Amino acid sequence: MLAKRFVGILPPLTFQEALETTQIHSVAGILPPGTGLLTNRPLRAPHHTVSDAGLIGGGAGMPRPGEVSLAHNGVLFLDELPEFARNVLEILRQPLEDRAVTLARSNMTLSFPASFILVCALNPCRCGFRGDATRECRCTGAEIQRYLGKISGPLLDRIDLHIEVPAVPYKEMRSKDSSESSAEMRVRVLEARMIQQRRGFYNAYLPSTLLREVCKLDDAGERTLEMAMRRMGLSARAHDRILKVARTIADLGRAESVGAKHLAEAIQYRSLDRNYWN
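All values reported here derive from a predicted model rather than from experimental measurement.

Criteria and cut-off values
Residues numbered from 1 in each chain as written. Predicted model: local features only at pLDDT ≥ 70, side-chain atom pairs only at ≥ 80, totals over all residues. Heavy atoms only, no water. Axes fitted to C-alpha atoms, helices over the stretch in contact; angles between N-to-C directions. Helix = DSSP H or I, 4+ residues; strand = E, 2+ residues; numbered from the N terminus. Left-handed = near helix turned anticlockwise from the far one by under 90°. Contact = heavy atoms within 4.5 Å. Nonpolar A, V, L, I, M, F, W, Y, C, P; charged D, E, K, R; others polar. Pairing = 2+ DSSP bridges. Buried < 20%, exposed > 50% of the residue type's maximum accessible area, 1.4 Å probe, protein only.

Trainee: Could you clarify how one ought to interpret the packing of helix 9 (residues 182-199) against helix 12 (residues 236-252) in this entry?
Mentor: At a minimum axis separation of 9 Å, helix 9 and helix 12 run at an interaxial angle of 115°. Crossing geometry of helix 9 relative to helix 12 is assigned as right-handed. Touching R188, V189, A192, I195, Q196 and R199 of helix 9 are R247, T248, D251 and L252, all from helix 12. The residue inventory of the contact of helix 9 with helix 12, partitioned by class, reads four nonpolar, two polar and four charged.

Given below as structure tokens:
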């Protein structure tokens, strides 16, 4: 439910983004007749039986855009992530890194844009009760390892946030306490985006040459990051992504600089690194 509503807090499409998204959907033949420019960010949620060609693009004859391109400027949601074939998941590495897909054929080479936000959901084990306070998990360690083993370290490295979502108690589900709406969240997202625009780059697109300048840390922040890198065995890619997430957290809080608390929160969001692969 959270993943499907994620699109609702994203900024509206710019004219250039709307043009690109509409062109891709038109090439794929899924644009409804008489439709002008698409105005909503796409949300694609393929089933776990999707093929590699269906996810990345291709097919017989003229190659067609896959789900990663149809989700361009929007969200690609993969539910029950470990149920996807491992070879299909590994294909995601290149578009997540390059934000584009290149399909080479004997008579042509095509390139499709694929700048999307990847959102995934998975259970902690096959039965789904690992760590549950009320129900017992009967999965063995080997079964859990096989279940989670489809998600490789390099793919996990490219996912910025790993959030554990515990079961909601019945009383909380029935509570009428007001919570922040998607519209209110979107306002805060737009404010943070404007801060990044003034710096010249969105945080996700920050070049490595500017990363340390934009995400400058004090002594406490350096010690926090060094400790996390050493204890969790994080890669250089994870290091950069933690800094970008910390900078985004600071932007959402309207903080001028990245503090140790922003960094600690960003590190906390890598729970899969902390719990499953170490």
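Trainee: Teacher, can you tell me more about the sheet that holds strand 4 (residues 75-78) here?
Mentor: Strands pair in a sheet through their backbones, by hydrogen bonds, and they do so in one of two ways: parallel or antiparallel. Across the sheet, three strands lie side by side as 1-4-7; this open sheet has parallel pairing. The open sheet has two free edges, formed respectively by strand 1 (43-44) and strand 7 (117-120), since each of these has just one partner strand. By the bridge criterion, four bridges tie strand 4 to strand 7 in an arrangement that is parallel. Looking at the pairing, L76 lines up with L118 of strand 7.

Trainee: Quick question: what am I supposed to make of the pairing of strand 5 (residues 100-104) here?
Mentor: Side chains V101 and L103 project from strand 5 onto a buried face, and the interleaved A100, T102 and A104 project onto a face without burial. Sheet topology note: the strand 5/strand 6 (residues 109-113) ladder contains five bridges and is antiparallel. Within the sheet, the bridge partner assigned to A100 lies in strand 6 and is P113. Linking two consecutive strands that pair antiparallel, namely strand 5 and strand 6, is a turn of four residues.

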